Amino acid sequence: MEANDADSGGAVSSRAIERYKTLASGGWGIIVVEALSVTQQSMARRHGMIINEKNLDGFKRLVQAVKTIHPDCVLLFQITHAGQNSNPGFSEKVRICPQGPADARYLSSDEIERIADLFVNAALLAHRAGADGVDFKMCHGYFGAEMLRPANTRDDKWGGPFKQNTVPEEMR
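As a starting point, this report considers the structure included with it. (Residues numbered from 1 in each chain as written. Predicted model: local features only at pLDDT ≥ 70, side-chain atom pairs only at ≥ 80, totals over all residues. Heavy atoms only, no water.)

## Overview of the overall build of the protein
For step 1, the next point in the chain: When helices and strands are tallied, the protein shows 5 helices and 5 strands.
For step 2, the next point in the chain: For 172 residues, the compact-globule estimate of 2.2 N^0.38 gives 16 Å, and the protein sits close to it at 17 Å.
For step 3, the next point in the chain: Each of the three principal axes of the protein carries a C-alpha extent, and together these read 50 × 45 × 25 Å.
For step 4, the next point in the chain: Scored against the burial criterion, the 172 residues of the protein give a buried share of 45%.
For step 5, the next point in the chain: Considering only intrachain contacts with a sequence separation of at least 6, the fraction spanning at least 24 residues in the protein is 68%. (Helix = DSSP H or I, 4+ residues; strand = E, 2+ residues; numbered from the N terminus. Rg over C-alpha atoms; globule rule 2.2 N^0.38 Å. Buried < 20%, exposed > 50% of the residue type's maximum accessible area, 1.4 Å probe, protein only. Contact = heavy atoms within 4.5 Å.)

## Comments concerning helix α2 (residues 56–69)
For step 1, the next point in the chain: End to end, α2 covers 20 Å across 14 residues, agreeing with the expected 20 Å (1.5 Å per residue, within 8%).
For step 2, the next point in the chain: Every buried residue belonging to α2 is among Leu-56, Gly-58, Phe-59, Leu-62, Val-63, Ala-65, Val-66 and Lys-67, and all of these are buried. (Expected span 1.5 Å × (residues − 1).)

## Digging into the pairing of strand β1 (residues 30–37)
For step 1, the next point in the chain: Judged by how many residues are buried, β1 sits mostly within the fold: 6 of 8 residues are covered.
For step 2, the next point in the chain: Pairing geometry for β1 and strand β2 (residues 74–80), over 6 bridges, is parallel. When the sheet's bridge partners are listed, Leu-36 is paired in β2 with Ile-79.
For step 3, the next point in the chain: A crossover connection joins β1 to the parallel β2 through α2; in handedness this β-α-β unit is right-handed. (Pairing = 2+ DSSP bridges. Right-handed = clockwise from strand over helix to strand, strands pointing away.)

## Brief notes about the packing of helix α1 (residues 14–25) against α2
For step 1, the next point in the chain: Following both chains from N to C, one finds α1 and α2 inclined at 25°, their axes separated by 8 Å at the closest point. Of the possible angle classes, the one that applies to α1 and α2 is roughly parallel. Crossing of α1 over α2 shows right-handed handedness. On α2, the residues touching Ile-17, Tyr-20, Lys-21, Ala-24 and Ser-25 of α1 are Gly-58, Arg-61, Leu-62, Ala-65, Val-66 and Ile-69.
For step 2, the next point in the chain: Split into classes, the residues belonging to the contact of α1 with α2 amount to 7 nonpolar, 2 polar and 2 charged. (Axes fitted to C-alpha atoms, helices over the stretch in contact; angles between N-to-C directions. Parallel < 35°, antiparallel > 145°, perpendicular 65-115°, else oblique. Left-handed = near helix turned anticlockwise from the far one by under 90°. Nonpolar A, V, L, I, M, F, W, Y, C, P; charged D, E, K, R; others polar.)

Below you can see the structure in the form of structure tokens.
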């Protein structure tokens, strides 16, 4: 879910806080805060929320508002990078797979490493904001989904056979 109603710079809007307060008042056991981009450079929606240091106080207010109404709900932040689904009108389309869309720039291994670091930072910021955990958006061709596709035939540590890149040598 992406409501596309963030304030300037991807900041949490009062409208977003009201939406999640409404969900909390419904007694939901788990509430997932919509796709929060880990970077402004690759976004699918112009007014999507961005989880970064600058916007941290807004996320703290959102968590506080939800937890005040429903302290027992599990509040997760869904973190994402739009990758090849980024809107070129205001963002950069990038891809992981060599044979991906021609209008998306192919990422180097170092660039993927930096994006991985953005996800780690986003998870740490979610924790600082008071979220109970994170959910990685791994669908619809976004960055995470592209990473896991069988079509990811990269020849570096970010592609190739799943077993090759995840099982330590001594366990093969």
